[in-house]
Amino acid sequence: MICNSVLTAKNKGTMTVYLKSGGKLREKLKPDVDQYTRKIEVEEGLSLREILNQFEIPVELIAFAFVDGRLERLDYFPEDGQVITLQPPVSGG
Amino acid sequence: MYGFAGQMLRINLKTGNISKQILSESFAKEWLGARGMVAKILYDEVPRDADPMGPKNKLVIAPGVLTGTFVGAGSKCGFGAISPATNSHADSSVGGHIGPELKFAGYDLIIFDDISPEPVFLFIEDDKVELRSAKHLWGKGSIDTEKQLKEELGEDFEIATIGPAGENGVVFACITHDFGRNAGRCGVGAVMGSKKIKAIAIKGTKSFPIYDLKSLTKQTEAIIQRTKPHPNMAPWQKYGTALFVGWSNDQASFPTRNFQSSYYDQWQTIDGERLVEECRVIDKACFGCWMNCGKYSRAKTRHGDVYIEGPEYETIALIGGSCAMTSIHDVTFANYLCDNLGMDTESGGSVVAFAMECYEKGIITKDDLDGHELRWGNIDDFEFIINKIAYQQGIGKVLAKGTKGAAEILGKDSIKFAMQQKGLESSGYESRWAPSMLLSFMTSDIGAHHNRSWSITVDLELGRDEIKGKAPVVVYLQHIRPIYDTLSICRLFWGELDVMPEEYVESLNYVTGWHTTEDELLKTSEKIWNLTRAHFLKRNGGPGRIHDIPPARYYEEPILDGPAKGKVLSLEKINAMLDEYYEARGWDKNGNPTEELLLDLGMKAVVDDLKEINLLGKPLPDGIPKVRGQKLKPKAM
Ligand code: SF4
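Residues numbered from 1 in each chain as written. Chains lettered and ligands numbered in written order. Predicted model: local features only at pLDDT ≥ 70, side-chain atom pairs only at ≥ 80, totals over all residues. Heavy atoms only, no water.

1. Overview of the overall build of chain A
We count it as follows: Helix and strand assignments come from DSSP, with helices taken as H or I runs of at least 4 residues and strands as E runs of at least 2, each series counted from the N terminus. Contact between two residues is taken to exist if any of their heavy atoms lie within 4.5 Å; hydrogens are not considered. Using the Shrake-Rupley algorithm and a 1.4 Å probe, accessible areas are obtained, with residue cover drawn only from the displayed protein chains.
Along its length, chain A carries two helices and five strands. The helix and strand sequence of chain A, counted from the amino end, reads β-α-β-α-β-β-β. Restricting the contact set of chain A to residue pairs at least 6 apart, pairs at least 24 apart contribute 61%. Surface exposure of chain A reaches about 4200 Å², of which carbon and sulfur atoms provide 46%.

2. Some details on helix 16 (residues 402–410) of chain B
Residue and element names in this part refer to chain B. Under the convention used in this document: Each residue gets one of three labels from its accessible area relative to the maximum for its type: buried under 20%, exposed over 50%, partly exposed in between, using a 1.4 Å probe on protein chains only.
Those residues of helix 16 lying buried are Gly-402, Thr-403, Gly-405, Ala-406, Ala-407 and Leu-410. If you follow the buried residues of helix 16, they end up packed against helix 13 (345–360), helix 15 (395–399), strand 16 (420–421) and strand 17 (424–425). Positive phi shows up at Gly-411, right after helix 16, with a value of about 65°.

3. Details of the site of the ligand
Residues and elements named next belong to chain B. Just so we agree on the cut-off: To be near a molecule or strand, a residue needs just one of its heavy atoms within 4 Å of it. Amino acids outside the nonpolar list (Ala, Val, Leu, Ile, Met, Phe, Trp, Tyr, Cys, Pro) and the charged list (Asp, Glu, Lys, Arg) are all regarded as polar, and Gly is one of them. Each domain's extent was defined by an automatic or database domain assignment.
In the neighbourhood of the ligand, the contacting residues comprise Ala-73, Ser-75, Arg-181, Lys-284, Ala-285, Cys-286, Cys-289, Met-291, Asn-292, Cys-293, Cys-490 and Leu-492. Here the shell around the ligand is built from residues that sort into eight nonpolar, two polar and two charged. Counting residues domain by domain, the shell around the ligand receives three or more from each of domain 1 (7–203) and domain 2 (242–424).

4. Some points on the interface of chain B and chain A
We apply this condition: In this description, buried area is defined as the sum, over both parts, of the accessible area (probe of 1.4 Å) that is lost when the two are combined. Salt bridges are identified by distance alone: a Lys or Arg side-chain nitrogen within 4 Å of an Asp or Glu carboxyl oxygen. By the criterion applied in these results, polar contacts are pairs of N or O atoms within 3.5 Å in which, for protein atoms, one can donate a hydrogen and the other can accept it, and in which residues neighboring in sequence qualify only through two side-chain atoms.
Each partner contributes to the interface: chain B provides 40 residues, whereas chain A provides 32 residues. When chain B packs against chain A, close to 3100 Å² is buried across both sides, 58% of that on carbon and sulfur atoms. Here chain B is connected to chain A by three salt bridges. A salt bridge links Glu-277 of chain B to Arg-70 of chain A, with the nearest nitrogen and oxygen atoms 3.0 Å apart. Where chain B packs against chain A, one counts nine residue pairs in polar contact (both at pLDDT 80 or more). Elements with a contribution of two residues or more to the side of chain B that touches chain A: helix 8 (233–239), helix 9 (245–250), helix 10 (272–279), helix 18 (456–462) and helix 20 (492–495) of chain B.

5. Quick word on the domain arrangement of chain B
All names here are of chain B. Taken domain by domain, chain B holds domain 1 (7–203), domain 2 (242–424) and domain 3 (431–497 + 517–612). A straight line from the C-alpha centre of domain 1 to that of domain 2 covers 25 Å. Between domain 1 and domain 2, the residue contacts involve 39 residues of the former and 35 residues of the latter. When domain 1 packs against domain 2, close to 2700 Å² is buried across both sides, 56% of that on carbon and sulfur atoms.

6. Considering the confidence of the model for chain B
We apply this condition: Every residue gets a pLDDT, meaning the predictor's confidence in that residue, from 0 to 100.
This prediction gives chain B a mean pLDDT of 97; 99% of its residues lie at or above 70. Taken together, the chains of this predicted complex give a pTM of 0.96 and an interface ipTM of 0.83.

7. Focus: the pattern of salt bridges
Taken as a whole and assessed by the stated rule, the structure comprises 50 salt bridges over all chains. Of the charged contacts, one joins Glu-273 of chain B and Arg-70 of chain A as a salt bridge, the two residues approaching to 3.8 Å between their closest N and O atoms. Of this pair, Glu-273 of chain B sits in helix 10 while Arg-70 of chain A sits in strand 4 (residues 70–72), each in a different chain. For Arg-70 of chain A, a relative accessible area of 37% gives the class partly exposed. The closest approach of N and O atoms between Arg-533 of chain B and Asp-548 of chain B, which form a salt bridge, is 2.8 Å. Taken as a pair, Arg-533 of chain B in helix 22 (residues 518–540) and Asp-548 of chain B in helix 23 (residues 545–548) lie far apart in primary sequence, 15 residues in all. The same class applies to Arg-533 of chain B and to Asp-548 of chain B, which are both buried. Linked by salt bridges that have partners in common, Arg-70 of chain A together with Glu-273, Arg-274, Glu-277 and Glu-278 of chain B make up one network.

8. Brief notes about the sheet that holds strand 10 (residues 175–177) of chain B
Each strand in a sheet pairs with its neighbour through backbone hydrogen bonds, running either in the same direction (parallel) or in the opposite one (antiparallel). All names here are of chain B. Stated formally: By the convention used here, strands pair only if DSSP detects at least 2 bridges between them. Angles run from 0 to 180 degrees between N-to-C directions of axes, and those axes are lines fitted to C-alpha atoms, restricted for helices to the stretch in contact.
Strand order in the open sheet formed by six strands is 8-7-12-9-10-11, with mixed pairing between adjacent strands. Only two strands of the sheet have a single neighbouring strand rather than two, namely strand 8 (128–133) and strand 11 (181–183). Direction aside, the axes of adjacent strands within the sheet are offset by 20° on average. Bridge count between strand 10 and strand 11: three bridges; the pairing is antiparallel. Counted as the bridge partner of Ile-175 is Ala-183 from strand 11. Strand contacts of helix 3 (residues 98–105): strand 7 (120–125), strand 9 (158–161), strand 10 and strand 12 (197–203), with the helix running at about 60° to strand 12, the strand carrying the most contacts.

9. Some points on a negative patch on the surface
Heads up, the condition is: Within the patch definition used here, like charges are joined within 9 Å and nonpolar side chains (Val, Leu, Ile, Met, Phe, Trp, Tyr) within 5 Å, considering only residues with over 30% relative accessible area and no salt bridge. By the counting scheme adopted, Arg and Lys are positive, Glu and Asp are negative, and His together with the chain ends is not counted. The atoms used to mark charge sites are NZ of Lys, CZ of Arg, CG of Asp and CD of Glu.
Where like charges cluster on the molecular surface, the negative patch consists of Glu-41, Glu-44, Asp-68, Glu-79 and Asp-80 of chain A. Structurally, Glu-44 of chain A is set in the loop between strand 2 (37–43) and helix 2 (48–54).

10. Considerations on helix 7 (residues 213–227) of chain B
All names here are of chain B. Defined as follows: Each helix should span, by expectation, one fewer than its residue count multiplied by 1.5 Å. The directions considered for the arc are those from the helix axis to the C-beta atoms.
Helix length check: helix 7, at 15 residues, gives a terminal C-alpha distance of 21 Å against a target of 21 Å (1.5 Å per residue), a fit within 8%. Taken together, the buried positions of helix 7 are Leu-216, Gln-219, Thr-220, Ile-223 and Thr-227. Considered in projection along helix 7, the buried side chains sweep an arc of 95° and stay on one side of the axis. Within helix 7, the exposed residues directed more than 90 degrees away from the buried face are Lys-214, Lys-218 and Gln-225. As for helix 7, its buried residues are in contact with helix 8 and helix 21 (501–512).

11. Description of the sheet that holds strand 13 (residues 280–284) of chain B
Residue and element names in this part refer to chain B. Strand order in this open sheet of three strands is 13-14-15, and the pairing throughout is antiparallel. Of all the strands in the sheet, the pair left with one neighbour each is strand 13 and strand 15 (304–309). The average undirected angle you get between the axes of adjacent strands in this sheet is 20°. Of the strand pairs in this sheet, strand 13 and strand 14 (residues 294–301) are connected by four bridges, and their pairing is antiparallel. Looking across to strand 14, one finds that Arg-280 is bridged to Ser-297. Packing of helix 10 onto the sheet brings it into contact with strand 13 and strand 14, and relative to strand 14 it is tilted by some 70°. Along the sheet, helix 12 (residues 328–341) makes contact with strand 14 and strand 15, crossing strand 15 at roughly 70°.

12. Some remarks on the nonpolar core
Residue and element names in this part refer to chain B. For clarity, the cut-off: The nonpolar core is taken to be a set of buried Ala, Val, Leu, Ile, Met, Phe, Trp, Tyr and Cys residues, with the residues joined through side-chain atoms within 4.5 Å.
Residues Leu-109, Met-343, Phe-382 and Ile-389 are the most contacted members of the largest nonpolar core, which totals 173 residues. If you tally residues by element for this core, the top one is helix 19 (residues 471–487), at ten residues. Excluding residues within four positions of it along the chain, Ile-389 makes contact with Val-170, Phe-172, Met-343, Val-351, Val-352, Gly-396, Leu-399 and Ala-400. Ranked by size, the runner-up nonpolar core spans 29 residues in total, among them Ala-105, Leu-122, Ala-160 and Val-188.

13. So, the environment of His-535 of chain B
Residues and elements named next belong to chain B. With respect to the secondary-structure elements, His-535 resides in helix 22. By relative accessible area, His-535 is classed as buried at 3%. Residues in contact with His-535, not counting those within four places in the same chain, are Leu-42, Tyr-43, Ile-82, Ser-88 and His-89.

14. Concerning the packing of helix 13 of chain B against helix 14 (residues 379–390) of chain B
All names here are of chain B. Rules: These descriptions rest on fixed angle ranges, namely under 35 degrees for roughly parallel, over 145 for roughly antiparallel, 65 to 115 for roughly perpendicular, and the rest for oblique. Here a crossing is taken to be left-handed if its near helix is turned anticlockwise relative to the far helix by less than a right angle, and right-handed if that turn runs clockwise.
Axis separation between helix 13 and helix 14 bottoms out at 11 Å; the angle between their running directions is 110°. Viewed along their axes, helix 13 and helix 14 adopt a mutual orientation that is roughly perpendicular. Here the hand of the crossing between helix 13 and helix 14 comes out right-handed. Where helix 13 approaches helix 14, its residues Gly-348, Val-351 and Val-352 are matched on the opposing element by Phe-382, Ile-385, Ile-386 and Ile-389. Taken together, the residues of the contact of helix 13 with helix 14 sort by class into six nonpolar, one polar and no charged.

15. Looking at the packing of aromatic side chains
To describe a pair of aromatic rings, you give the distance between the ring centres and the angle between the ring planes. Residue and element names in this part refer to chain B. Stated formally: Pairing of aromatic rings covers Phe, Tyr and Trp, the last counted by its six-membered ring, and requires centre-to-centre distances within 6.5 Å; plane angles under 30 degrees mean stacked, over 60 mean edge-to-face, and any other angle means tilted.
All chains considered together, the criterion is met by 23 aromatic pairs over all chains. Where Trp-247 meets Trp-454, the ring centres are 6.1 Å apart and the plane angle is 50°; that geometry is what we call tilted. With Trp-247 in helix 9 and Trp-454 in the loop between helix 17 (435–443) and helix 18, this pair connects stretches of sequence that are 207 residues apart. No difference in accessibility class separates Trp-247 from Trp-454, as the two residues are buried. Ring geometry for Tyr-581 against Trp-587: centres 5.9 Å apart, planes inclined by 80°, an arrangement best described as edge-to-face. Each member of the pair, Tyr-581 together with Trp-587, is buried.

This is the structure we're talking about:
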C-alpha cells in the first residue's frame, strides 16, 4: 500500500511550503498567513508524511492532500513554494 | 407562520380526492419537517399490520423548515413510507430542487393514501393540483420519464419519478429527481410504484414568509464569504464525494467483493481522479448551493454514450469495489442503469455483489441465469442481472427482495454474507476494523445507512481495535447528523465547510422567529430516534437487540487481505458494544426504550404502545443518563 510504504528523504536543502486546512486540523496547524494557511520551512526532499510528522500534525486524520488541483497521497514529495491543502475526512458523503 | 408555506395536501389515490389543509403550527414546530414529520405521520397513521406495498401504507413527501431558504443549502426533501425492505419507518432524502419547488408552490407536506386504479402522476402548478394519467409513461425509465415530462410540461417543472423497478415492487427501488439525484434508500420508490404513482411534477412561483430576512441575508452573506476560500471547497468542487475512494481504501474500509475484503488493489481504476479525467462533463449544484459537488458524467458503453449525475463515493464503493469493477466507465454505466431502472445504487450494487458471491460459491448457477454468468467486475453480467431484478424475471425475482430476503430464499448460509442490517444493505464502509462504524450501522433506525451516523473518524481517534467508549459518540452523531435531514439542508456545509450547528440554529430562528437552541434541536432528534425505534419494535417485534446484530461475516470471517487482513470482531465484542450503546441511550439491556426516557422526551403515548406489546424497556437501576450522547473530543484539537 502506497501510504504505508517506507519513505526516506531524497536530498538536503530547505524549501518553503504552505499548508492549508480547515476543520479540526486548522487548530493543530496554527495558521499564520491567513485563517487557513501556515508557511513552513522544511528540509528539501521530505515526503508530506515526514513533514506532517515533524510538525506533529496527526496524519491519520488526513484523508489526502490537494496539490495544484490534483489529489495526492501522503507519500507525495512537495516542492518549494507549493500550497498543499490537507483534507480531513469529515462527513463521509 | 414563518418558514413554512402553511399548507399540506392529502391525496386519496383510490378516490382521487385532493384536500388542502392548513399545516398546524404546533405540529410544524414539534417535528420541523422531512424526517421528523415523516416519523410522526407514519407512526400515527399507518396501522401496525399494514402491508408496506398495500393500500394502508402512506407515501409522505416532506421538505423541511429550511428547505427553499438560502441557508446553505436548503435543497433537501424527505420521502417517507413504511419500507418494504425493513418493514418499518423509512425516510430518504433527496437534494436537487424538488423540495424548494414544492414549498414555492405553497405546500409543506404531501400525504398519499391508498392505491390509484391506474397509473397517475401528480401535477402541481401553484394552486392547481391534479392527478393526471401516466399510462403513457408507465414502463419507462426514470431518466427517460423525467425528460419526457419536461418536454410535455416545460423545462421549469421539477420532476421526481420512479422507474420499472418501482413499478415492479423491487424492495430497493428509489425515487429519482434531477437526472440522477435519488431518494435512494429503503425502497420508497417501491411504495410509490405500489400506489401507481409514476411521477410528481411541480412548478411553484410563490414564496413563503421569513421572519427576519435582513438578519438572515446578512448572516448568509457572511457565511458565503467565509466559506468560499475554505480549503475543502476546491477539492469538493472538483471531485465531489468520489474524492474519498483512495482514503477509504487506505483505511481498509473500502468494501471489496461483497465485503470479503476491505482493500481493493484496483481502486485507482475507479477513483475520483479517473472520474474527473474520463467521465465528468460538468459540475452540478442543488438549490441554493455554492459548493456544486455533483458531477454530471458521461460513460462510454457498448450501447454508446450515456449520461448521468454521479457516481458518488457510495456508488463507487458498492458497485465499483463490492462488484470489483475495473473501469470508471463501467461504474458510471452501472450507476446509469440503476438510476434509469429506478434502483438505489447502494442496495443495487450490494445485491449484485451478493449475487456474484453466490455465483462464485455455486449457490446461484448458470441454470438460474439462462446460461449467463455472474462474474466479478463484468459490466455485461451486471447489466444482465440488474435488468432481471428490475423486471422481476427468473432469479431477479429472488434478488428483488434485497440481500436479506434473497438469502432467506437461497439458503445455504448465504444470510451470513447478506451485507445488510434490518433489511437495508450497508453503505460503503467495511467495518470489521472500524467498530464504531459497525455500531452506527447496527443500531441505525432505518438499517445500515451512513447518513444516520458516520463514525470512522471516531475509530481513527479512539483506536481501530478499541470497542469501549465509542457508543456515546455514536449516539451523539445519530442525533446531530440526522438533524440536517430534519431541517432539510445539506449537511456537507457542516461537515466540509465548518458551518457550525449553532449557526444553523441562528438561521432557523431568523427564518421562523422562534428561540430554539441547539440542545432543543438535539432533543427533537433524539425524540424522533426513539419514535422510529418504537415503530420498528411495534412492527417487527422484539427484543430490540435481535435486530441490532450484524451479519455473521462481521464476527465469523476475518478480512481476507489488505492492511486489515485477519481483522474480525467477535459476537461477544459486538454485544459489549450494544450494552454500552443501550446504556448511553437510556434503553434497557434488551435494547428497548424505557418509560423514564420516553417520558423525559414527552412521549407518553409511545410508553402505552410499547407496554401493550410487552416491549417497554425495564427500568434502569441507576436511572437514565441525564445527557445521552457525547461529542468526540478530537486529538487534533
Ligand atoms: S454540496 Fe453537493 S449535495 Fe450538498 S447541496 Fe451542494 S451540490 Fe447538493
